[in-house]
Amino acid sequence: RKEVEQDPGPFNVPEGATVAFNCTYSNSASQSFFWYRQDCRKEPKLLMSVYSSGNEDGRFTAQLNRASQYISLLIRDSKLSDSATYLCVVNTNAGKSTFGDGTTLTVKP
Amino acid sequence: DARVTQTPRHKVTEMGQEVTMRCQPILGHNTVFWYRQTMMQGLELLAYFRNRAPLDDSGMPKDRFSAEMPDATLATLKIQPSEPRDSAVYFCASVKSDYSNTGELFFGEGSRLTVL
């Protein structure tokens, strides 16, 4: 079983839709959590950190459930520019950063 | 504008040849990661270093891969001999971190390797 698992998708949604991505992790000692975004053939870039209380950044909301070892990302009012691969990242207490395989989102006009 | 620099950006080589990829982390960043990305495997952690010491290289095929940090400004990933299945994009990332590493990873643009 992989340490970090994501639904690969693809998710194809119309502009303006709300879409949610899920991620589960296996190491209960994991300490910090992030969502990264990767555009085609480019390097991943940080989208947002995920805090225990949940956090929001504009149209993006991240949630963490430590008991279920589950992280989510919600995108509201999808834009064409949101089309990308979204990567879930989990850091252990030893500082190791493990990426999920990513979920591909395509937003269509 | 601080950035992680990777060389070469593209490399085409023949099976059996040695390949060396280099990474210059952001100045002041003490933790460096090497990842490999293919269509089939996603981003796979190969090895990482903190303060130049290797912490985990369990993701790296030991028989042909080696990773080092000769100094704080240079990390290298070497494949010898290379095989077609090594074809992938190799990313280096750096972060300034303490033991727990809660910071943002900054990635280089990647080295795209093709082994014929």
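Notes on the structure follow. Here the structure is a predicted model, which means the values were calculated and not measured.

1. Details of the overall build of chain A
Now for step 1: The secondary structure content of chain A amounts to zero helices and 11 strands.
Now for step 2: Its helices and strands taken in sequence order, chain A reads β-β-β-β-β-β-β-β-β-β-β from the N to the C terminus.
Now for step 3: Expressed as a percentage of the 109 residues in chain A, the buried residues total 48%.
Now for step 4: Here the contacts in chain A between residues at least 6 apart in sequence split such that 56% fall between residues at least 24 apart.

2. Brief notes about the overall build of chain B
Now for step 1: A count of helices and strands for chain B gives zero helices and 11 strands.
Now for step 2: Beginning at the N terminus, the succession of helices and strands in chain B can be written as β-β-β-β-β-β-β-β-β-β-β.
Now for step 3: In terms of overall dimensions, chain B is globule-like: its C-alpha atoms have a radius of gyration of 13 Å, near the 13 Å expected for 116 residues.
Now for step 4: In terms of overall dimensions, chain B has a C-alpha envelope of 40 × 30 × 30 Å along the principal axes.
Now for step 5: Taking all 116 residues of chain B together, 47% fall into the buried category.
Now for step 6: For chain B, the share of sequence-separated contacts (at least 6 apart) that also reach a separation of at least 24 residues comes to 54%.
Now for step 7: Here chain B displays about 5900 Å² of accessible surface, and carbon together with sulfur accounts for 50% of that area.
Now for step 8: Treating the 13 positive side-chain charges of chain B as one cloud and the 14 negative ones as another, the clouds have centres 2 Å apart.

3. Topic: empty space enclosed by the protein
Residues and elements named next belong to chain A.
Now for step 1: Using the criterion set out here, one finds one cavity of 30 Å³ or more in the structure.
Now for step 2: Here the largest cavity is characterised by a volume of approximately 40 Å³.
Now for step 3: If you go around the largest cavity, the residues you meet are Glu3, Val4, Tyr25, Ser26, Asn27, Ser30, Val90, Thr92 and Thr98.
Now for step 4: Partitioning the lining of the largest cavity into residue classes produces three nonpolar, five polar and one charged.

4. Examining the layout of surface pockets
Now for step 1: Of the volumes computed, that of the largest pocket is approximately 860 Å³.
Now for step 2: When contributions to the lining of the largest pocket are tallied by element, the ones reaching two or more residues are strand E4 (32-38), strand E5 (45-50) and strand E9 (84-91) of chain A together with strand E4 (31-38), strand E9 (88-95) and strand E11 (111-115) of chain B.
Now for step 3: In the lining of the largest pocket, the residues fall into 10 nonpolar, 12 polar and 10 charged.

5. Quick look at the packing of aromatic side chains
Within a pair of aromatic rings, the relevant descriptors are the distance that separates the centres and the angle that separates the planes.
Now for step 1: Enumeration over the complete set of coordinates arrives at 12 aromatic pairs over all chains.
Now for step 2: By way of ring pairs, the aromatic residues Phe34, Tyr36 and Phe99 of chain A together with Phe33, Tyr35, Tyr48, Phe91 and Phe107 of chain B are connected into one cluster.

6. Quick notes on the sheet that holds strand E3 (residues 19-25) of chain A
All names here are of chain A.
Now for step 1: The five strands are arranged E1-E3-E8-E7-E6 in an open sheet whose pairing can be described as antiparallel. Only two strands of the sheet have a single neighbouring strand rather than two, namely strand E1 (4-6) and strand E6 (55-57). The average undirected angle you get between the axes of adjacent strands in this sheet is 20 degrees.
Now for step 2: Note that E3 and strand E8 (residues 70-75) share six bridges and pair antiparallel. Looking at E8, one finds that phenylalanine 21 is bridged to leucine 73.

7. Regarding the interface of chain B and chain A
Now for step 1: With 23 residues of chain B in contact, the opposing surface of chain A contributes 21 residues.
Now for step 2: Carbon and sulfur atoms make up 49% of the area that chain B and chain A hide from each other, which totals about 1700 Å².
Now for step 3: On the surface where chain B and chain A come into contact, there are one salt bridge.
Now for step 4: Between lysine 96 of chain A and aspartate 56 of chain B there is a salt bridge; the shortest N-O distance is 3.5 Å.
Now for step 5: Where chain B meets chain A, there are five residue pairs in polar contact (both at pLDDT 80 or more).
Now for step 6: Of all the secondary structure elements, the ones that give two or more residues to the side of chain B that touches chain A are E4, strand E5 (42-50) and strand E6 (53-56) of chain B.
Now for step 7: A per-element tally of the side of chain B that touches chain A places E5 of chain B first, with five residues.
Now for step 8: Split into classes, the residues belonging to the side of chain B that touches chain A amount to 10 nonpolar, eight polar and five charged.

Analysis parameters
Residues numbered from 1 in each chain as written. Chains lettered and ligands numbered in written order. Predicted model: local features only at pLDDT ≥ 70, side-chain atom pairs only at ≥ 80, totals over all residues. Heavy atoms only, no water. Helix = DSSP H or I, 4+ residues; strand = E, 2+ residues; numbered from the N terminus. Buried < 20%, exposed > 50% of the residue type's maximum accessible area, 1.4 Å probe, protein only. Contact = heavy atoms within 4.5 Å. Rg over C-alpha atoms; globule rule 2.2 N^0.38 Å. Areas by Shrake-Rupley, 256 points an atom, 1.4 Å probe, with all protein chains shown as cover. Lys, Arg positive; Asp, Glu negative; His and termini not counted. Charge placed at Lys NZ, Arg CZ, Asp CG, Glu CD. 1 Å grid on protein atoms, 1.4 Å probe; cavity = no way out; pocket = protein on both sides within 12 Å on 5 of 7 lines; lining within 4 Å. Points joined across faces, edges and corners; volume = space filled by probe spheres on them. Nonpolar A, V, L, I, M, F, W, Y, C, P; charged D, E, K, R; others polar. Phe/Tyr/Trp six-rings, centres within 6.5 Å; stacked < 30°, edge-to-face > 60°. Pairing = 2+ DSSP bridges. Axes fitted to C-alpha atoms, helices over the stretch in contact; angles between N-to-C directions. Buried area = accessible area lost by both parts, 1.4 Å probe. Salt bridge = Lys/Arg side-chain N within 4 Å of Asp/Glu carboxyl O. Polar contact = N/O pair within 3.5 Å; in protein donor to acceptor, adjacent residues only side chain to side chain.

These figures capture arrangement, not role.
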